[in-house]
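# Structure at a glance
So you can see what is in the structure, the chains are spelled out below.
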2 protein chains.
Amino acid sequence: MLDEYNCWMQQIRQNLPANLVLDTVFAEKGGEIAVTAVNEFCLGIQRLLGFSPVIVTATNENPGVILRIAGNNAPNSFTIKTSENSLIITGRDEPGLLYGVFRFLFLLAQGEVHKAQGRLDITEEPASPLRMINHWDNLDGTVERGYAGPSLFFRDNRFHYDKDRITDYARLLASLGINRISINNVNVRGSAKLLITEDYLGEVAALAAIFRPFGIRLLLSINFSAPWSLGKLPTADPLDSAVAAWWKDCSDLVYRYIPDLAGFLVKADSEGEPGPFQYGRSHADGANMLAKALKPHGGDVIWRCFVYNCTQDWRDHSLDRARAAYDHFMPLDGTFDDNVILQIKHGPYDFQVREPVTPLFGAFQKTRHIMELQITQEYTGHQIDLCYLPWFWQDIMEFDTGHASGLAGGRIKDLVGPYKEGCSYIEGFAAVVNVGCDHNWTGHCLAQANLYGYGRLAWNPGLSAQAIAHEWSRLSFGSDPSAQPLADSVAGLLLQSYPAFEKYNAPFGVCFMVTPHTHYGPNIEGYEFSRWGTYHRADAHAIGIDRTPTGTGYTSQYSAPNAAVFADPARCPENLLLFFHRLRYDFIMKNGETLLQNIYNTHFEGYDETAAMLETWKGFRTSLPVEVYQSALSLFERQLENAREWRDQINTYFYRKTGIPDKKGRKIFD
Amino acid sequence: MLDEYNCWMQQIRQNLPANLVLDTVFAEKGGEIAVTAVNEFCLGIQRLLGFSPVIVTATNENPGVILRIAGNNAPNSFTIKTSENSLIITGRDEPGLLYGVFRFLFLLAQGEVHKAQGRLDITEEPASPLRMINHWDNLDGTVERGYAGPSLFFRDNRFHYDKDRITDYARLLASLGINRISINNVNVRGSAKLLITEDYLGEVAALAAIFRPFGIRLLLSINFSAPWSLGKLPTADPLDSAVAAWWKDCSDLVYRYIPDLAGFLVKADSEGEPGPFQYGRSHADGANMLAKALKPHGGDVIWRCFVYNCTQDWRDHSLDRARAAYDHFMPLDGTFDDNVILQIKHGPYDFQVREPVTPLFGAFQKTRHIMELQITQEYTGHQIDLCYLPWFWQDIMEFDTGHASGLAGGRIKDLVGPYKEGCSYIEGFAAVVNVGCDHNWTGHCLAQANLYGYGRLAWNPGLSAQAIAHEWSRLSFGSDPSAQPLADSVAGLLLQSYPAFEKYNAPFGVCFMVTPHTHYGPNIEGYEFSRWGTYHRADAHAIGIDRTPTGTGYTSQYSAPNAAVFADPARCPENLLLFFHRLRYDFIMKNGETLLQNIYNTHFEGYDETAAMLETWKGFRTSLPVEVYQSALSLFERQLENAREWRDQINTYFYRKTGIPDKKGRKIFD
């Protein structure tokens with residue numbers, strides 16, 4: 001990683017096999033995305049090979065490279081083929097061509113073109129049409145759950161950005177196949193409400209114009225009560241005709257400025273945000289009303305399913321927040337308009353280090369929907385701690401929902417595809433991004449791998465976390481023989497990081513032992529008496545919530561085979577044991593040791609593994625630019641301190657509860 | 001309470017005994033405080049009797065009232081005497097005259113003059129010379145730990161106030177005998193550092209001019225590192241001659257603007273504030289350097305003793321924050337200049353609901369010092385919960401330090417008096433005030449009783465909490481027969497409130513089970529793994545810190561008799577049991593029940609008593625102006641919700657730890 005700013009597009013020189021001569025390019029005529037594809041091809045060749053290809057205007061000039069748009073396979077797909085001395089990249093459509101160019105450049109940068117001796121025959125298509133990035137940027141320049149500096153887009157309640165940097169950002173996203181971006185926080189407060197008014201629409205359009213040539217369409221997060229707060233109507237009731245008319249006028253206005261806006265993103269009736277419940281209406285009523293306003297313009301309503309009772313009384317054992325998304329939305333299956341897309345968090349809680357896949361996936365048959373992930377490390381270390389998220393995302397993609405529904409299989413990765421009624425397809429992904437104005441975009445330079453990994457999995461959810469780690473590492477640290485050991489070591493660090501983080505965190509899927517509000521560091525009873533519905537109820541003998549049919553019944557929201565597995569402590573995956581069960585500390589786990597001893601073990605191990613990661617990093621001192629080395633070094637040191645707090649607080653907490661020391665005699669503070 | 005704004009100076013009509021004719025006043029010539037005394041006499045008579053006395057200029061006009069300055073008793077003392085038809089109020093000095101006038105008016109307002117049939121012969125002197133109010137007001141208008149609206153003095157980094165309101169405030173304070181006020185937060189940050197510069201000194205002087213006629217002198221809180229941060233010196237080392245010279249110049253400048261400034265208030269080396277420790281110097285070095293700068297102007301350095309390690313590691317059982325003040329300052333006894341006055345918090349922690357009196361009192365023999373109390377309800381309910389603080393302060397005043405040192409006795413109230421070397425006199429009091437821009441000054445109208453009670457105790461620490469409650473209640477709600485039942489009931493509420501609050505709070509002096517940062521509501525393990533040094537270390541069997549000689553040895557900082565009592569669980573006062581001891585939950589208390597059962601009992605009782613207080617208040621509905629009734633009603637309702645959280649979280653916490661239910665079968669949530 002020569003310059004952290006360049007991420008996975010480093011200026012690293014490569015060798016070209018003799019048969020390829022890339023110094024002339026012929027490109028078929030196309031729109032602005034096709035123009036971008038040609039530009040990016042030339043920029044990439046300059047970056048990797050040190051020369052700029054000449055663009056020729058006729059095929060009879062026998063160009064080394066042909067970029068074209070053709071074929072009738074899936075949207076956004078591409079082929080990369082070599083024949084004799086020429087390279088032909090064919091996009092099914094303009095974005096497809098752009099993605100083909102970037103894939104070729106990635107292959108080149110990784111030395112794969114050389115290794116293949118210049119013979120390529122590659123066809124790729126994205127698993128799904130929607131590959132979204134969500135910004136939680138506020139107009140004052142802060143970023144909710146942002147750990148990489150201020151907003152890329154906003155400052156002091158106006159748009160404020162470096163156009164070159166946004167172009168670089170668009171390039172990074174497009175190189176992964178991202179095609180949608182929501183630019184403002186889903187909690188739409190203050191002047192963010194005005195983004196859909198003429199006060200701001202000119203500026204929104206200007207930003208859209210930077211992303212558009214990269215095949216990326218904007219979304220705006222809106223506030224459901226806008227007709228009341230902005231429009232001065234007496235209500236925002238979705239069944240009120242004046243409200244519907246207000247949103248229609250609003251949409252007409254918005255689309256005059258941004259004709260290709262992808263739509264609106266809505267957080268409604270969630271953590272204090274307004275929504276249809278306030279007016280006794282359903283979420284279908286709310287979403288469909290907006291959908292009708294957007295429909296004439298080809299826009300979608302992306303409607304979040306993060307709806308739960310956030311003023312729970314901890315005394316009430318009958319409520320189970322984990323049930324909320326399914327309980328609220330499953331009965332609505334089939335009632336949404338065809339331009340409503342539900343955005344469902346991957347798990348039933350909220351981006352915890354380990355939680356099960358939400359039971360809505362595979363269950364929905366007649367409702368368009370996508371999965372929401374979180375790239376920004378809200379609960380996973382604030383981009384201080386290294387935590388390579390594709391490790392967990394791979395588990396999500398491989399999870400078998402048990403709902404095959406006539407498809408090839410019921411795994412999440414099998415379900416990802418374009419919507420078709422009657423099939424439980426997941427139409428794509430959205431993810432809360434981890435970037436900001438920090439020079440290296442993501443605070444911790446290695447956290448770039450999480451953005452990269454998200455893009456790759458959104459394109460192809462069948463990729464392995466290991467393959468992605470190595471891919472990213474080679475692109476960022478180099479692929480020539482001299483760089484390979486470093487790149488391999490860094491990939492190794494990534495792959496160690498999630499297991500280590502998970503080990504020193506809340507044990508076995510019990511969740512929410514994190515510091516309230518900040519969500520960094522341990523606070524074991526921090527949520528225990530709060531209104532957020534996330535309790536572990538540890539007492540002297542046992543811990544966890546019984547979510548089986550003898551408890552809250554949450555397991556029954558899953559398909560029959562999963563319901564049976566999750567409800568049985570002997571078969572439940574151990575990393576989710578305390579999500580589904582209330583267990584005594586003397587429960588015997590698969591390794592023959594008690595739950596308590598396993599808590600001790602994992603916490604000692606998590607710290608030790610983190611210490612080892614720090615030592616590994618120290619070994620890179622002479623291999624990296626000093627600023628890259630030092631900045632991550634100080635983060636690894638802070639991470640070790642955090643791991644120590646988690647280890648000691650968790651161990652002490654359970655030791656105080658039980659009085660039982662560690663079997664191996666390791667130090668537990670009293 | 002007809003108008004909450006008037007506090008204890010309501011416009012309530014009284015009867016005058018026939019022998020007194022107060023319609024003419026002769027006042028000896030005097031300075032501006034004496035002029036205030038005359039004005040206040042006339043205003044008070046107007047308020048209480050409905051006419052304005054005429055001021056005559058010669059005694060031969062046979063005036064009904066004579067106000068004069070004479071005598072050689074203690075400073076600020078006064079006599080009130082009637083002879084035949086005339087009333088003579090004699091102040092030892094101008095403030096004494098003013099205090100005499102206010103005392104007469106208070107007696108009149110309470111019906112005491114009438115009851116005494118106009119025959120009065122009263123002599124009073126304040127127990128001590130320093131009766132201070134500390135504002136924690138920030139220049140941006142916020143008030144640290146303020147619960148009664150924005151600052152009275154500041155807004156947007158400038159002075160900003162209503163001069164009439166400040167005059168009313170000065171009157172309220174002077175009516176209690178307050179004679180010092182520090183106007184800015186002891187955490188001196190941002191523009192507050194500039195109060196000692198010409199940027200602000202003109203405005204400081206203007207404010208001082210409002211307080212001066214009421215006998216109240218200003219203090220400024222200063223930042224110890226000012227020579228570095230303001231003066232651009234390379235250091236703020238107190239032994240550096242350039243630093244000393246900088247402070248001398250600074251003092252010279254400040255006193256050109258405010259010649260009677262009482263001095264500087266300093267929080268040094270405390271919770272992140274700069275101080276002499278940074279330069280390897282002692283607190284005597286720091287304080288004496290400043291004292292020398294102030295000495296030529298007659299100013300004092302008020303130096304806070306709130307110095308402790310606020311970055312403690314919870315794993316470290318050897319450190320005990322309770323020891324800090326004594327460990328830091330006792331060795332310095334006798335090393336401070338004669339215009340340094342140490343300001344010592346009443347307890348070793350930080351204004352907890354119940355903590356012991358700090359062992360420095362009675363121990364210091366050669367160091368001027370005062371006691372710091374907190375009127376603002378930081379840990380005692382934020383002026384949402386009713387919590388009548390004189391109840392606790394009385395216990396402090398009655399505490400026998402065991403250090404008699406040749407005085408009448410060793411109780412705190414015996415130690416209060418003017419400084420004399422070799423005696424352990426407490427030279428007065430400072431208290432963090434509870435007022436802000438709310439119409440009723442204190443948020444909860446009944447919290448006015450805490451300000452009143454502080455002033456009365458600072459004047460006379462021998463007063464009982466009960467007497468003060470009734471005095472305040474009569475002055476605020478009326479003393480005529482029709483008002484008496486209401487006034488008595490309100491006094492009853494005050495006197496119930498502290499025991500109720502204490503019962504539902506952290507049990508038996510264990511302290512700090514409060515929500516971190518805000519300090520409102522329970523968070524039982526909120527400080528357990530923090531850096532603040534305030535741990536209870538509850539495990540399955542026991543709770544508390546052993547502070548006896550077998551533990552941290554804190555008890556040994558007390559006089560021998562107290563050390564013995566505190567170190568013995570059988571003799572230790574039960575309300576401090578868990579401050580001094582680590583005890584098993586099955587420890588048997590004086591009532592024959594276990595510690596655990598007593599925790600349950602007090603928490604059920606605390607809630608029930610709060611519920612009863614709410615019912616009592618509801619009974620006042622028809623007796624009070626609707627805004628007075630409603631505003632306190634909503635606060636009592638919030639208090640009951642708070643009491644419920646405390647009761648249930650505390651009980652559940654210990655039930656989960658022990659598995660032992662309540663003996664009486666009351667509901668404890670699991």
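Everything numeric here is computed off the predicted structure, so don't read it as measured data.

Rules used in this analysis
Residues numbered from 1 in each chain as written. Chains lettered and ligands numbered in written order. Predicted model: local features only at pLDDT ≥ 70, side-chain atom pairs only at ≥ 80, totals over all residues. Heavy atoms only, no water. Helix = DSSP H or I, 4+ residues; strand = E, 2+ residues; numbered from the N terminus. Rg over C-alpha atoms; globule rule 2.2 N^0.38 Å. Buried < 20%, exposed > 50% of the residue type's maximum accessible area, 1.4 Å probe, protein only. Contact = heavy atoms within 4.5 Å. Lys, Arg positive; Asp, Glu negative; His and termini not counted. Charge placed at Lys NZ, Arg CZ, Asp CG, Glu CD. Pairing = 2+ DSSP bridges. Axes fitted to C-alpha atoms, helices over the stretch in contact; angles between N-to-C directions. Buried area = accessible area lost by both parts, 1.4 Å probe. Salt bridge = Lys/Arg side-chain N within 4 Å of Asp/Glu carboxyl O. Parallel < 35°, antiparallel > 145°, perpendicular 65-115°, else oblique. Left-handed = near helix turned anticlockwise from the far one by under 90°. Least-squares fit on C-alpha atoms with pLDDT ≥ 70 in both. Phe/Tyr/Trp six-rings, centres within 6.5 Å; stacked < 30°, edge-to-face > 60°. Expected span 1.5 Å × (residues − 1). Disulfide = S-S within 2.5 Å. pLDDT = per-residue confidence, 0-100. Polar contact = N/O pair within 3.5 Å; in protein donor to acceptor, adjacent residues only side chain to side chain.

Moving on to the overall build of chain A. Helices and strands together make up the secondary structure of chain A, namely 18 helices and 18 strands. Scaling as 2.2 N^0.38, a compact globule of 670 residues should have a C-alpha radius of gyration of about 26 Å, and chain A matches this with 25 Å. Each principal axis of the C-alpha distribution contributes one length, and for chain A these read about 80 × 65 × 50 Å. Counting all 670 residues of chain A, 64% fall into the buried class. The contacts of chain A with a sequence gap of at least 6 include a subset with a gap of at least 24, amounting to 71%. Taken together, the 60 basic and 76 acidic charged side chains of chain A have centroids lying 1 Å from each other.

What follows deals with the sheet that holds strand β11 (residues 217-222) of chain B. Residues and elements named next belong to chain B. In space, the eight strands of this closed barrel follow the order β7-β10-β11-β12-β13-β14-β15-β16, with parallel pairing throughout. Taken pair by pair, the neighbouring strands of this sheet meet at an average axis angle of 25 degrees, ignoring direction. Bridge count between strand β7 (residues 130-134) and strand β10 (residues 180-182): three bridges; the pairing is parallel. Residue pairing in the sheet places I133 in a bridge with I181 of β10. Sheet strands in contact with helix α5 (residues 201-211) are β10 and β11, and its direction is about 145 degrees off that of β11. Sheet strands touched by helix α12 (residues 448-459): β7, β15 (369-374) and β16 (428-432). Its angle to β7, the strand with the most contacts, is close to 155 degrees.

With 21 residues of chain A at the interface, the matching set in chain B holds 21 residues. Taking both sides of the interface into account, the surface hidden between chain A and chain B amounts to around 2200 Å²; carbon and sulfur atoms contribute 49%. Ranking the residues of chain A by area buried against chain B places R315, F529 and R656 of chain A at the top, with a combined share of 35%. In this structure, the connection of chain A to chain B is made through eight salt bridges. The residue R656 of chain B makes a salt bridge to E528 of chain A at a minimum N-O spacing of 3.0 Å.

Residues and elements named next belong to chain A. Viewed as axis vectors pointing N to C, helix α12 (residues 448-459) and helix α13 (residues 465-477) meet at an angle of 125 degrees, and their least axial separation amounts to 10 Å. The orientation of α12 with respect to α13, classified from their angle, is oblique. Considering the relative orientation of α12 and α13, their crossing is right-handed. The segment α12 lies against α13, with Q448, A449, Y452, G453, R456 and L457 engaging I468, E471, W472 and L475.

Before going further, it helps to spend a moment on the pattern of salt bridges. Applying the stated rule across the entire model yields 77 salt bridges over all chains. Connected via shared salt-bridge partners are D313 and R315 of chain A together with E641, R644, E645, R647 and D648 of chain B.

Before going further, it helps to spend a moment on the relation of the copies chain A and chain B. Overlay of chain A on chain B (RMSD 0.0 Å): rotation 180 degrees, translation along the axis 0.1 Å. Both copies of the chain, as the preceding transformation shows, are related through a two-fold rotation axis. The fraction of interface residues of chain A whose copies in chain B are also interface residues reaches 100%, indicating that both copies meet through the same surface.

With that settled, the discussion passes to the packing of aromatic side chains. Inspection of the entire model under this criterion finds 79 aromatic pairs over all chains. Ring plane angle 50 degrees and centroid distance 6.5 Å describe the contact between F159 of chain A and Y200 of chain A, whose orientation is recorded as tilted. One end of the pair, F159 of chain A, is in strand β9 (residues 158-159); the other, Y200 of chain A, is in helix α5 (residues 198-211), with 41 residues separating them in the sequence. The interplanar angle of 75 degrees and the centroid separation of 6.1 Å between the aromatic rings of W314 of chain A and F669 of chain B together place this pair among those described as edge-to-face. In this pair, W314 of chain A sits in the loop between β13 (300-304) and α9 (324-329) while F669 of chain B sits in the segment after α18 (626-658), so the two residues belong to two different chains. By relative accessible area, W314 of chain A is classed as buried at 2%.

Attention now moves to the environment of S241 of chain A. Of note, S241 of chain A is situated in helix α7 (residues 241-257). Between the C-alpha atoms of S241 of chain A and M289 of chain A, which are 48 residues apart in sequence, the distance is 9.6 Å.

A few words on helix α1 (residues 32-49) of chain B. Residue and element names in this part refer to chain B. A rise of 1.5 Å per residue sets the reference length of α1, with its 18 residues, at 26 Å; its end C-alpha atoms lie 25 Å apart and thus fit the reference within 8%. Most of α1 is tucked away, with 13 of its 18 residues classed as buried. One or two positions beyond α1, positive phi appears at G50, with a value near 85 degrees.

By the definition in use, this model includes zero disulfides over all chains. Cysteine C387 of chain B shares no disulfide, and the gap to the nearest cysteine sulfur, in C511 of chain B, comes to 14 Å.

This part takes up the side chain of N523 of chain A. Structurally, N523 of chain A can be placed in the loop between α14 (484-504) and β17 (542-543). The residues touching N523 of chain A, leaving out its near neighbours within four places in the chain, are M513, V514, T515 and P516 of chain A.

Residues and elements named next belong to chain B. Judged by pairing direction, the sheet is mixed, and its six strands sit side by side in the order β2-β1-β3-β5-β4-β6 without closing on themselves. Every other strand in the sheet has two partners, leaving β2 (54-56) and β6 (121-124) as the edge strands with one partner each. Neighbouring strand axes in the sheet, compared pairwise and without regard to direction, differ in orientation by 20 degrees on average. For strand β3 (residues 65-69) and strand β5 (residues 86-91), the ladder comprises five bridges, and the chain directions are parallel. Looking at the pairing, V65 lines up with L87 of β5.

Let us now look at the pairing of strand β16 (residues 428-432) of chain A. Residues and elements named next belong to chain A. Of all five residues making up β16, five are buried, and the element is well covered by its neighbours. Burial along β16 is two-sided: G428, A430 and V432 and F429 and A431, pointing in opposite directions, are all buried. Note: strand β7 (residues 130-134) against β16, five bridges, orientation parallel. When the sheet's bridge partners are listed, I133 is paired in β16 with A431. Where strand β15 (residues 369-374) meets β16, four bridges bridge the pair, whose relative direction is parallel. Directly across from L373, in β16, lies its bridge partner A431.

Attention shifts here to the confidence of the model for chain A. In the predicted model, chain A carries a mean pLDDT of 96, and 100% of its residues have values of at least 70. Predicted complex metrics record ipTM = 0.89 and pTM = 0.93.

As a further point, take the side chain of N138 of chain B. Relative to the elements of secondary structure, N138 of chain B occurs in the loop between β7 and β8 (154-155). Among the polar contacts made by the side chain of N138 of chain B, one reaches the side chain of N185 of chain B at a distance of 2.9 Å.

Bringing unusual backbone geometry into the picture now. At C7 of chain A, a residue that is not glycine, the phi angle is positive and equals roughly 50 degrees. Among the secondary structure elements, C7 of chain A is positioned in the segment before β1 (24-27). Given the relative accessible area of 2%, C7 of chain A is considered buried. Residue E271 of chain B is not a glycine yet carries a positive backbone phi of 50 degrees. On the accessibility criterion, E271 of chain B (27% relative accessible area) is partly exposed.

Residue and element names in this part refer to chain A. Position of F587 among the secondary structure elements: in the loop between β18 (583-584) and α17 (595-618). Through-space distance from the C-alpha of F587 to that of A542 is 9.1 Å; in sequence the pair is 45 residues apart. Ignoring any residue separated from it by four or fewer positions in sequence, one finds F587 in contact with P569, L577, E593, T594 and L595.

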